[in-house]
Amino acid sequence: MHIPDGYLGPQTYAVLDVAMIPIWAVAASRVKKTLKAKQVPLMALGAAFSFVIMMFNVPVIGGSTGHAVGATLIAIILGPWAACISVSIALVIQALLFGDGGITAIGANVFNMAFVMPFVGYYLFRLIAGDSPTTRRTIVASGIAAYVSIVAGSIFAGVEFGLQPLLAHTAAGRPLYAPYPLSVAVPTMAVEHLLFFGWVEALATVGIVSALVKQDSEMLAMRPAAKPLRWLWAAFGILVLLTPIGVLAPGTAWGEWGAAELGARLGFVPAGLGDLGSAWTAAVPGYAPAFIKSPTLGYLFAAVLGSALVIGVSWAVAKLLARGENSRPPKDARPPTSPTTPS
Amino acid sequence: MPALAHIAEPRRTTRRRSLARRTADAVGHAVTEVLDNDEIASRPGLMQKLDARVKLATILLFAVAASFAHSLWVLLGFVALASGLAAASRLSVVSFSRKVWASAGFFALLLSLPAATAWITPGEVLVAFGPLSITKPGLYIAVRLVARVAAGAGIGLLVVWTTRWTDLLHALTALHVPDLVVATLAMTQKQIVTLLRTVENTHLARESRMLTAGSAAENRGWVTERMAFVARKSMKTADDVYDAMLARGYAGAMPSLVRLRTTTRDWAWLVASTLTCAALLGADKVVFSR
């Protein structure tokens with residue numbers, strides 16, 4: 001996900017470079033308050049760990065390996081603001097010391113991997129793990145948070161690439177920087193992270209959190225005390241209320257055409273698609289319930305219903321996990337292992 | 001000792017390297033790169049002699065100017081400029097070109113190839129492969145992206161290969177980057193080398209004990225456990241480092257004894273760089289508007 005120089009035009013990299021300045025300022029101020037004088041060595045070691053974790057090859061499937069970014073893990077250990085600084089420093093060192101990632105694109109790389117990833121990962125982890133998480137819930141929450149956070153970071157990178165043909169092109173419409181439009185760049189980045197890199201990130205994070213839970217659970221309680229997530233619910237409610245904006249967008253999303261629309265585009269409907277397309281009829285097709293005439297109210301109803309279902313299913317799964325954890329007999333205490341003796 | 005001679009011989013085998021060996025090699029390479037970069041940056045050459053602040057500012061100027069150029073020829077001009085500066089700084093032009101073209105350029109080529117096809121960029125067909133035919137405007141877009149990425153990589157490599165890490169940190173301090181950031185950057189680089197050595201040794205120890213490659217699940221379990229070990233070691237080392245800082249009188253600030261001074265050569269370099277960028281962008285405007 002390291003963007004080199006040349007893929008992003010000045011309109012994009014300058015905005016992201018400038019956008020990171022207040023984020024870094026707030027992060028530095030928060031870290032100063034929470035970590036006090038110990039901040040420099042802790043940040044430095046956090047950054048060094050963030051750098052080194054990217055060097056580990058994690059085996060996935062079929063002999064293939066990949067490397068994790070570790071932003072969610074560091075956010076779980078140190079908190080999101082400290083993770084923002086640590087991962088930023090690791091990325092700056094990669095650019096200035098190893099030439100990995102561009103100089104002008106530092107803001108974009110930091111935005112995707114040191115801002116989006118730790119914050120998405122951290123708050124999702126807290127949302128799933130809850131205030132007094134069990135071991136299993138902590139591990140499951142860390143895996144889901146790591147997976148979603150890297151996919152979120154990749155989508156942001158895809159949007160940055162996909163905006164280039166719109167922002168900078170010749171008089172004939174030919175792109176001057178990254179050449180692929182949003183309809184190609186975003187799905188490409190998202191799919192490769194959904195299918196491969198997301199699993200690498202999740203497997204690495206779950207493995208490390210599981211080992212830390214067994215060997216040094218205090219490390220998972222190092223981050224500064226967090227405030228309740230009421231604001232997150234308020235922000236979520238506002239987003240639900242804003243969903244009718246989607247009604248303003250004309251047409252169907254790229255690649256999500258129904259049989260009729262595909263037939264109009266291609267001149268024929270593939271036989272398999274024609275057969276399977278009508279095999280299942282959704283309860284609320286097209287986010288427009290039949291009993292609500294207004295498209296805006298229909299969209300709003302679909303958003304509330306969908307969100308309630310997702311929250312309900314997540315809550316039920318969390319309850320089941322917690323029950324399973326509480327019913328297990330406690331394990332024998334393990335002798336503490338020294339962190340200075342590699343095996 | 002002829003009986004032991006085979007031990008020193010590099011193992012010649014067509015067998016695929018194990019995961020532990022591959023990671024140990026990559027990590028060892030990264031450590032060597034950190035140490036080599038400092039050695040290369042200490043050589044007497046044009047850019048090594050410059051004040052680090054001026055050099056950082058002018059390299060940033062080159063990078064921004066290259067990002068504003070749209071003509072293929074002007075972008076190639078920026079690549080040539082970076083290569084010329086590398087030669088004047090006594091860097092190996094072969095290594096420099098290999099890094100710029102075979103690494104950054106090659107990946108850019110792979111990424112941009114689909115854009116050269118009629119599927120993404122319709123236009124006059126140069127080589128016909130059905131929907132994957134290479135078109136003239138598509139090829140130009142792909143080649144221009146490769147040249148742009150190579151220009152950026154070449155300019156970036158000049159910072160990496162001509163500036164010692166300590167000089168870079170002094171330059172950042174002089175450019176009013178907060179002390180917290182500079183101190184953290186300084187400490188991070190040292191800790192990276194320490195942690196990389198630990199990772200390399202752990203993987204070599206694993207390699208030496210393994211008779212078979214092991215399953216993916218076994219390897220994954222071992223790798224993530226080692227990652228957790230590095231995480232614990234990092235946090236424990238942070239405590240030790242902090243204690244050492246306190247013992248040396250650390251009170252929140254990290255003063256530097258180095259005073260950077262600009263000379264006539266630095267000012268001449270600044271003017272020459274600015275004029276070169278202006279000339280290249282002027283040429284770009286003329287060539288691109290045709």
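Small disclaimer: the values here were computed from a predicted structure and weren't measured. Numbers given for residues are sequential positions, taken from 1 along each chain in its written order. The order in which chains are written sets their letters, starting at A; the order in which ligands are written sets their numbers, starting at 1. Local features in this predicted model are restricted to residues whose pLDDT is 70 or higher, and side-chain atom pairs enter the listing and the counts only when it is 80 or higher, whereas totals over whole chains, interfaces and linings include all residues.

*Asks:* Please clarify how the overall build of chain A should be interpreted in this entry.
*Replies:* Here a strand is any run of E in DSSP of at least two residues, a helix any run of H or I of at least four, and the numbering for each starts at the N terminus. Helix and strand counts for chain A stand at eleven helices and two strands. Walking chain A from its N terminus toward its C terminus, one meets helices and strands in the order α-α-β-β-α-α-α-α-α-α-α-α-α. Comment: burial labels come from other C-beta atoms within 10 Å of the residue's own C-beta, placed from the backbone, where a count of 20 or more is buried, 12 or fewer is exposed, and between is partly exposed. Burial statistics for chain A: of 343 residues in total, 43% are counted as buried.

*Asks:* Sorry, what's going on with the overall build of chain B here?
*Replies:* A tally of helices and strands in chain B yields ten helices and two strands. Listing each helix as α and each strand as β along chain B from the N terminus yields α-α-α-α-α-β-β-α-α-α-α-α. Atoms counted for the radius of gyration: C-alpha only. Globule rule: 2.2 Å times the number of residues to the power 0.38. Computed over the C-alpha atoms, the radius of gyration of chain B is 24 Å, more than 25% above the 19 Å expected from 2.2 N^0.38 for a compact globule of 290 residues. Reported as C-alpha extents along the three principal axes, the dimensions of chain B are approximately 65 × 60 × 40 Å. Split into buried and exposed, the 290 residues of chain B put 42% on the buried side. Here, residue contact means that the backbone-derived C-beta atoms of the two residues sit within 7 Å. Long-range pairs, those at least 24 residues apart, make up 76% of the contacts in chain B between residues at least 6 apart in sequence.

*Asks:* Is there a simple way to think about the interface of chain A and chain B in this case?
*Replies:* Counting residues at the interface gives 54 residues for chain A and 73 residues for chain B. Looking at the side of chain A that touches chain B, the elements with two or more residues in it are helix H1 (10-35), helix H2 (39-53), strand S1 (58-59), helix H4 (80-98) and helix H7 (182-215) of chain A. The element best represented in the side of chain A that touches chain B is H2(A), accounting for 13 residues. Charged residues are taken to be Asp, Glu, Lys and Arg, nonpolar residues to be Ala, Val, Leu, Ile, Met, Phe, Trp, Tyr, Cys and Pro, and polar residues to be all remaining types, Gly included. Looking at the side of chain A that touches chain B residue by residue, the class counts come to 40 nonpolar, ten polar and four charged.

*Asks:* I tried to follow the domain arrangement of chain B on my own but got confused; where do I start?
*Replies:* Bring the parts together and some accessible area is lost; that lost area is often taken as the interface size. All names here are of chain B. Structurally, chain B comprises domain 1 (18-42 + 178-259) and domain 2 (43-163 + 261-290). The domain limits used here are those given by an automatic or database domain assignment. Here the C-alpha centre of domain 2 lies 32 Å away from the C-alpha centre of domain 1. Each partner contributes to the interface: domain 1 provides five residues, whereas domain 2 provides eight residues. Of the residues belonging to the side of domain 1 that touches domain 2, the class tally is two nonpolar, two polar and one charged.

*Asks:* Help me understand the nonpolar core in this model?
*Replies:* Grouped burial of nonpolar side chains is what soluble globular proteins tend to show. For our purposes the nonpolar core covers buried Ala, Val, Leu, Ile, Met, Phe, Trp, Tyr and Cys residues that link as a set through C-beta atoms within 7 Å. A:Val52, B:Phe78 and B:Leu158 are the most contacted members of the largest nonpolar core, which has 170 residues in total. Those residues in contact with B:Phe78 that sit more than four places away from it in its chain are B:Ala66, B:Ala69, B:Ala151 and B:Leu280.

*Asks:* Hey, could you run me through the packing of H7(A) against helix H9 (residues 216-247) of chain B in this one?
*Replies:* Axes are the key here: two packed helices are described by the angle between their axes and the distance separating the axes. All axes here are fitted lines through C-alpha atoms, helices being fitted over the stretch that makes contact, and every angle between N-to-C directions spans 0 to 180 degrees. Across the interface, H7(A) lies against H9(B) with an axial gap of 8 Å and an inter-helix angle of 60 degrees. Comparing their axes, H9(B) and H7(A) come out oblique. In this structure, H7(A) meets H9(B) at a crossing whose hand is right-handed. Counted together, A:Leu203, A:Ala204, A:Gly207, A:Ile208, A:Ala211, A:Leu212 and A:Gln215 of H7(A) and B:Arg220, B:Gly221, B:Thr224, B:Glu225, B:Met227, B:Ala228 and B:Ala231 of H9(B) form the full contact between these two elements. Note that the term roughly parallel is reserved for angles under 35 degrees, roughly antiparallel for angles over 145, roughly perpendicular for angles of 65 to 115, and oblique for everything else. By the definition used in this description, the sense in which the near helix is turned from the far one sets the handedness, with an anticlockwise turn below a right angle giving left-handed and a clockwise turn giving right-handed.

*Asks:* Explain the confidence of the model for chain A to me, please; I cannot follow it from the model alone.
*Replies:* Predicted coordinates in regions of low pLDDT should not be interpreted in detail. For every residue, the pLDDT score states the predictor's confidence, bounded by 0 at the bottom and 100 at the top. Mean pLDDT over chain A stands at 80; residues scoring 70 or higher make up 83%. Segment residues 330-343 of chain A: pLDDT under 50, and eleven contacts once partners within four positions in sequence are set aside and those in other chains are kept.

*Asks:* Would you explain the packing of H4(A) against helix H5 (residues 106-129) of chain A in this entry?
*Replies:* Residues and elements named next belong to chain A. It is the contact of H4 with H5, at a shortest axis distance of 9 Å, that shows an interaxial angle of 150 degrees. The pairing of H4 with H5 is recorded here as roughly antiparallel in orientation. As for the relative orientation of H4 and H5, their crossing is right-handed in sense. Contact residues: Pro80, Ala83, Cys84, Val87, Ser88, Leu91, Val92 and Ala95 in H4; Ile106, Asn109, Val110, Met113, Ala114, Phe115, Pro118, Phe119 and Tyr122 in H5.

*Asks:* What is the right way to read the environment of A:Val31 from this model?
*Replies:* In this fold, A:Val31 is placed in helix H1. A residue is classified by how many C-beta atoms lie within 10 Å of it, and A:Val31, with 25 of them, is buried.

*Asks:* Explanation requested: helix H2 (residues 19-41) of chain B in the structure shown.
*Replies:* Every α-helix winds through 3.6 residues per turn, so residues three or four apart in the chain are directed the same way. One less than the number of residues in a helix, times 1.5 Å, gives the span that helix is expected to have. In this model H2(B) runs 33 Å from its N-terminal to its C-terminal C-alpha over 23 residues, within 8% of the 33 Å that 1.5 Å per residue would give. Looking only at H2(B), the buried set comprises B:Leu19, B:Ala20, B:Thr23, B:Ala24, B:Val27, B:Ala30, B:Asn37, B:Ile40 and B:Ala41.

*Asks:* Any chance you could explain the environment of B:Thr184 here in plain terms?
*Replies:* With respect to the helices, strands and loops of the structure, B:Thr184 is situated in helix H8 (residues 179-209). The class for B:Thr184 is buried, based on 29 C-beta atoms found within 10 Å. Expressed as a C-alpha distance, the spacing of B:Thr184 and B:Trp165, which sit 19 residues apart in the sequence, is 13 Å. Those residues in contact with B:Thr184, other than ones at most four positions away along the chain, are A:Val40, A:Met43, A:Ala44, A:Ala47 and A:Ile89.

*Asks:* Explain unusual backbone geometry to me, please; I cannot follow it from the model alone.
*Replies:* Negative phi is the rule for most residues except glycine; trans is the rule for most peptide bonds. All names here are of chain B. For Arg90, which is not a glycine, the phi torsion comes out positive at approximately 60 degrees. Considering the arrangement of structural elements, one finds Arg90 in the loop between helix H4 (72-88) and helix H5 (93-112). A residue is classified by how many C-beta atoms lie within 10 Å of it, and Arg90, with 15 of them, is partly exposed.

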